[in-house]
Every structure is written in structure tokens, then in C-alpha cells.
Amino acid sequence: MNFSAKNRENLISKIEKDLFDVIIVGGGITGAGIALDATTRGMKAALFEMQDFSAGTSSRSTKLIHGGLRYLKQFEFKLVSEVGKERAIVYENGPHVTTPEWMLLPIYKGGTFGKFSTSIGLRLYDFLAGVKRGERRHMLSMEETLERAPLLKKEGLLGGGYYVEYRTDDSRLTIEVLKKAVELGATAVNYSKVESFIYEGGKIIGVNIKDMLSEKEYPVYARVIINATGPWVDTLREKDRSKSGKTLKLTKGVHLVFNQETFPLKQAIYYDTQDGRMVFAIPREGKTYVGTTDTFYDEDLINPQVTPEDRIYLLNTIHNMFPSLKIEEQDIESTWAGLRPLIHEEGKDPSEISRKDEIWHSESGLITVAGGKLTGYRKMAEVIVDRIVPLLRNQTNKKYLSCQTKHLPISGGDIKVSDFQTFVSDNIGKLTLLQIDERFAEKLIRMYGSNVHKVMEFIKKADGDRKSIQLPPVILGILHYSIEEEMTTKPVDFFIRRTGALFFDYQWVIKWKKPVIDYMANYYGWTGEKKKLFQKELEEMIKASVPDEKEMKININNPKL
Ligand code: FAD
């Protein structure tokens with residue numbers, strides 16, 4: 001298949017010098033959404049990503065498909081309405097990567113929201129977002145709030161608002177959207193950097209790509225080129241000499257992950273911080289994660305770091321809201337940091353800047369998509385592709401379909417929402433027959449959705465092939481699947497973005513990293529040097545994600561909030 005890492009070089013030699021209708025630069029959720037929309041309308045689309053797919057912001061978010069309740073505070077009613085409705089569509093098209101999650105908004109005396117304003121605010125939210133009946137908000141008494149979240153601070157607690165958000169795996173959402181695009185004819189290649197643009201008569205007609213794995217450089221041509229590079233959009237606009245007018249302002253957001261034994265949270269909570277912001281605490285896969293911070297950022301874009309200040313800030317919000325917990329910095333299991341590509345607004349604080357997206361069209365013809373959310377990716381793609389239809393029609397005289405993605409399942413999403421639970425229970429049995437324990441079986445079904453049957457074939461095959469390999473068939477099976485069906489090229493792709501394990505199952509990474517690297521080295525025929533390089537890359541990512549104990553001696557009882 002065209003999304004096999006094994007086939008990557010072949011694919012590159014096929015597309016070298018080729019002419020596409022659309023080239024999309026950037027393989028985050030924005031680029032993936034555009035690739036899918038464009039392909040389904042009959043366009044020949046190619047997407048290039050300089051790192052791995054979703055390695056930018058799209059694997060580092062709070063992992064919620066949400067209607068954006070916080071935007072109500074900024075009176076962005078249209079945004080709440082649009083994004084809220086989109087939420088339901090994203091869920092229906094991929095029920096395996098998106099799960100409804102009841103969220104509790106505790107209300108305190110003197111807090112951001114009063115009981116009345118929360119009740120009105122959430123009702124307005126239900127109305128604007130078109131929330132379905134079973135998921136509309138309830139208001140909870142103080143007792144009901146504590147029943148659901150006994151760890152919450154009791155002092156000043158008045159009650160709670162209870163409403164539905166959707167949990168996702170941002171990285172898997174991106175990969176499932178891309179897989180669907182590729183299945184329908186798009187080309188997508190990771191580790192392929194757009195180094196420069198090619199012009200003719202002042203108009204952009206192509207890109208020069210550098211394959212970051214082989215160092216090979218080659219041109220590819222297109223009628224329309226879209227800059228969907230998130231935090232890097234201004235870097236690309238600089239290459240196009242079109243960075244003027246509005247520009248990006250990046251803010252960093254950090255999350256901390258704890259084991260459920262140390263932070264036994266059973267209920268997702270969206271709570272006030274002492275400095276007037278709001279933070280999520282979300283239970284997930286035996287862990288609890290908390291985030292996020294929101295601070296201006298202008299350092300390394302590829303590897304934004306979690307600083308001791310970031311950790312202390314979040315720990316202090318935890319101490320304040322869950323005072324009985326006594327969580328220490330040593331309890332942090334892993335962390336991640338992401339960069340929000342926001343559109344600069346003079347004089348505003350990070351949390352006040354709008355999360356709206358915009359489209360900019362340069363004189364050379366480069367189309368740039370700036371801002372935006374995971375949640376609105378499909379709609380945003382629709383708007384952009386609507387814009388390029390007339391541009392393409394002028395050049396090709398062809399007709400293009402209207403948007404096709406509203407009811408199009410993404411890869412793995414060929415299950416109705418109403419059938420999803422039955423699908424899960426039916427398949428747990430099948431996976432346990434392959435010696436997989438029930439919990440892991442359920443995880444796999446939720447991860448791969450309707451593709452789980454394919455994954456089972458990979459696991460069965462791995463059982464036959466394995467012989468002296470140090471990996472159990474289930475891990476070998478999912479590794480193989482991710483190589484052959486999801487273009488997993490390096491160990492970091494597998495452990496961070498295809499499985500999410502570095503963030504949510506750090507011990508699993510430690511346990512399996514060596515045999516996985518050994519297997520991949522053998523499979524790809526890496527030289528000793530290359531193997532060491534990829535090993536080092538994984539070790540560095542582990543180090544960046546897991547806090548360094550020495551740095552943690554800072555006094556956490558000195559809150560600077
Ligand atoms: P990215 O995912 O960053 O993708 C851009 C890609 O372009 C990168 O992978 C990069 O490597 C690539 N690239 C750059 N230059 C080049 C080049 N020259 N050649 C080829 N490729 C290149 N949204 C939600 O809806 N829900 C949330 O819960 C949520 N939480 C968030 C929490 C945090 C902390 C942050 C930072 C954001 C959050 N967001 C959330 C917003 C959302 O994650 C982002 O808006 C979205 O992921 C941006 O996707 P993107 O594709 O535009 O950018």
C-alpha cells in the first residue's frame with residue numbers, strides 16, 4: 001500500500017518532478033484534513049511533512065474535541081456554535097478515536113463562574129453547539145459534585161456544572177484522517193521538508209523537497225500550494241517573501257501525567273486556577289493528565305521544553321484544587337509541551353488571544369492557513385478547498401465535487417456510533433483468543449476501530465514469523481501494522497505518535513524499546529550508525545518527557561501565580 005514505510009523510496013521516485021493539483025505543506029491535523037477534502041473532490045493531492053505526521057502541535061494538545069466553552073467568556077458565539085457542531089461530526093466519522101467524556105466544572109464562592117452564570121453559560125453552549133438531548137448539561141449540588149469528585153477542595157464549593165466534551169488521541173486522529181486520504185488516492189510522505197518554493201513569472205509552481213532520511217533533494221510541482229505548517233507558517237511565508245500584515249504569536253502549553261495511584265481521579269474536571277485561567281484534569285488509561293499552561297514562546301519550535309516553572313505552575317493549581325492529594329514533582333510520570341499557532345493581537349495576554357483560524361493568500365499564490373483547532377479541522381479544510389476550487393477550475397477546466405467529508409468515516413471509523421460498544425465487546429473475545437489480555441484488547445479496539453481486523457491479521461502473522469524475536473506477537477503485530485499501513489519510519493514514530501505510549505505508558509516504552517529498535521534495525525537494514533542515531537533520538541525524547549530529578553528541587557511551595 002502507498003502508506004507503507006517500506007514503499008517510501010519507491011513513492012518518492014514516482015512523485016519526483018510530478019505535477020499535482022494541490023501540494024500541502026505540513027502533516028498535522030490541518031494538512032491531513034485538507035489532503036482528505038481535496039482528494040475526495042477529485043483533486044490530485046500530495047502532502048509533505050518534514051518530521052513525522054502530527055509531530056508538531058497535533059500530537060501535543062489537550063486531546064479534546066471540544067465545543068470551546070472558554071470562548072463563551074470571550075463572547076465568540078459564532079466560534080462556539082461552529083466548533084460545537086463540528087464536534088459531533090468528528091465523533092460520528094471516527095468513533096474509535098473520539099469518546100464522549102462528562103466534564104465537571106466545579107463552582108466556588110468568588111470563582112470565575114457563579115452558579116447562575118454557569119447554568120446560563122452551559123445552556124447557551126448546549127444551544128449554540130446543538131448538543132444532543134442525552135448530552136445536555138446538568139447542574140449539580142455541592143453533594144453531587146463531591147460524589148463525583150471527592151478529591152476536590154471543599155472550602156467554598158457551591159456545586160458544579162456537568163456537561164459533555166469529547167476525548168481524542170490527536171495524533172491518531174491525524175493519522176486516521178491521512179490514511180483515509182491516502183486510501184482514496186492522496187500521496188503523503190513524512191520526513192520530507194519543503195526547503196524552498198519554485199516560481200515562474202512570479203507565481204509559485206512547485207516546491208523543492210529534501211528527504212530528511214536520505215538527504216535526497218527533488219522538485220515537485222503543483223497548481224496550488226497550501227502552507228499548513230502550524231507554528232511554522234511564518235517561516236514558510238518568509239521563504240515566499242510574503243510575511244507581512246498579520247503574523248503568528250506562539251504560546252506554549254504544557255501537560256503533566258500522573259499515575260492513577262497518585263492522582264486517583266475518576267471524573268474529568270475543568271477547574272479555575274488562582275490566576276484566572278482554567279485547566280483540565282482528565283483520567284485516561286490508568287493515568288490522570290493535567291494541563292495546560294499558556295505562555296508566550298519564541299524558542300526552539302521542534303522541541304519545546306517543559307521547564308521547572310511550567311511544572312510548578314501546574315502542580316500549584318493541583319495543590320489548590322485537590323488539597324488532600326499532596327502530589328510532589330517526583331510523582332510526575334511524563335510530560336509534553338505544544339505550541340499554539342495563534343494570530344497576533346496587540347496588547348493581549350496569551351489566554352485572551354482568539355483561537356480563530358484565518359486564510360492568507362500571497363501575491364505569488366501561496367495559500368496559508370493560520371490558527372485553528374483540532375476540533376474544527378474538517379470544516380477548516382472544507383473552507384480552504386472551497387477557495388481553491390475556482391483557482392483550479394481556471395487552470396484545468398475540470399469540475400470538482402462539493403465537500404464530501406461531512407459523512408465520510410475516517411480510516412477505522414466504519415462503525416456507527418450506536419454500534420460502537422457492541423463492536424468493542426464482540427472483538428474483545430477475538431483478541432483474547434490471540435493471548436491478549438482483556439484490557440489491552442479493548443485498548444487496541446478503541447485505537448484501531450474497524451481496522452482492528454487487519455491488525456489481528458498482522459498479530460496472527462507475527463505469531464508465525466516471530467521465532468527468535470524478543471517481541472510478543474501482539475507488539476510485533478502492531479509494530480508491523482504501523483510500518484506497513486501508517487508509514488512508521490523511526491522508533492519515535494511508534495512509541496510517541498502511533499501508540500501514544502511515551503505519554504501514557506512510559507513503563508511500556510522502557511520495557512520494549514530495545515527489542516523494537518532491534519527489530520526495526522533488522523527490518524530496514526539500518527547501519528550500526530543509523531541504529532544508534534535513532535536510539536539516541538528516542539532516549540532524548542524520553543528524557544525530555546520524564547522530569548529530571550535534579551531540576552525538581554525547586555521550592556514548589558513558593559507559588560508565583
Ligand atoms: P501542526 O500540527 O503543528 O502541523 C504543522 C506541521 O508542519 C508540523 O508537523 C511541521 O513539522 C510541519 N512543517 C513545518 N515546516 C515544514 C516544511 N518546511 N516542510 C514540511 N513540513 C513542515 N485543539 C483542540 O481542538 N482541542 C484541544 O484540546 C487542543 N488543545 C491544545 C493544547 C495545546 C497545549 C496546544 C498547543 C494546542 C491545542 N489545540 C487544541 C490546538 C490544536 O492542537 C492545533 O491547533 C492543531 O494541532 C494545529 O495543527 P496544524 O496541523 O495546523 O499544526
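Just above sits the structure.
Predicted, not measured: the structure shown is a model, and the values here were computed from it.

## Examining the overall build of the protein
Thinking step 1. Counting its regular elements, the protein contains 18 helices and 18 strands.
Thinking step 2. What you see for the protein is a C-alpha radius of gyration of 23 Å, in line with the 24 Å of a compact globule of 561 residues.
Thinking step 3. With the C-alpha coordinates aligned to their principal axes, the bounding extent of the protein is approximately 65 × 60 × 50 Å.
Thinking step 4. Counting across all 561 residues of the protein, residues that qualify as buried make up 60%.
Thinking step 5. Accessible surface computed for the protein: about 23,500 Å², of which carbon and sulfur atoms make up 50%.
Thinking step 6. When the 81 basic and 76 acidic side-chain charges of the protein are each reduced to a single mean position, those positions are 2 Å apart.

## Topic: a nonpolar patch on the surface
Thinking step 1. Where nonpolar side chains cluster on the molecular surface, the patch consists of F75, F77, L124 and F127 and spans about 460 Å² of accessible area.
Thinking step 2. The residue F75 is located in the loop between α3 (70-73) and α4 (77-93) in this model.

## Examining the site of the ligand
Thinking step 1. The local shell around the ligand holds 38 residues, among which T30, E49, S58, L64 and T375 are the closest.
Thinking step 2. One of the side-chain N or O atoms of H66 is found 3.4 Å from a nitrogen atom in the ligand.
Thinking step 3. Compared with its free state, where it exposes 1,000 Å², the ligand has 98% of that area covered by protein.
Thinking step 4. Class assignment for the residues of the shell around the ligand results in 12 nonpolar, 20 polar and 6 charged.

## With respect to the pattern of salt bridges
Thinking step 1. One pass over the structure, following the stated rule, counts 39 salt bridges.
Thinking step 2. Salt-bridge contacts for R41 lead to D386; the nearest nitrogen and oxygen are separated by 2.8 Å. With R41 in the loop between α2 (29-40) and β2 (45-48) and D386 in helix α10 (residues 377-396), this pair connects stretches of sequence that are 345 residues apart.
Thinking step 3. Beyond isolated ion pairs, a larger network of salt bridges with shared partners links D52, D493, R497 and R498.

Reading the values: the criteria
- Residues numbered from 1 in each chain as written.
- Predicted model: local features only at pLDDT ≥ 70, side-chain atom pairs only at ≥ 80, totals over all residues.
- Heavy atoms only, no water.
- Helix = DSSP H or I, 4+ residues; strand = E, 2+ residues; numbered from the N terminus.
- Rg over C-alpha atoms; globule rule 2.2 N^0.38 Å.
- Buried < 20%, exposed > 50% of the residue type's maximum accessible area, 1.4 Å probe, protein only.
- Areas by Shrake-Rupley, 256 points an atom, 1.4 Å probe, with all protein chains shown as cover.
- Lys, Arg positive; Asp, Glu negative; His and termini not counted.
- Charge placed at Lys NZ, Arg CZ, Asp CG, Glu CD.
- Patch = residues over 30% accessible without salt bridge, like charges linked within 9 Å, V, L, I, M, F, W, Y side chains within 5 Å.
- Salt bridge = Lys/Arg side-chain N within 4 Å of Asp/Glu carboxyl O.
- Near = heavy atom within 4 Å.
- Polar contact = N/O pair within 3.5 Å; in protein donor to acceptor, adjacent residues only side chain to side chain.
- Nonpolar A, V, L, I, M, F, W, Y, C, P; charged D, E, K, R; others polar.

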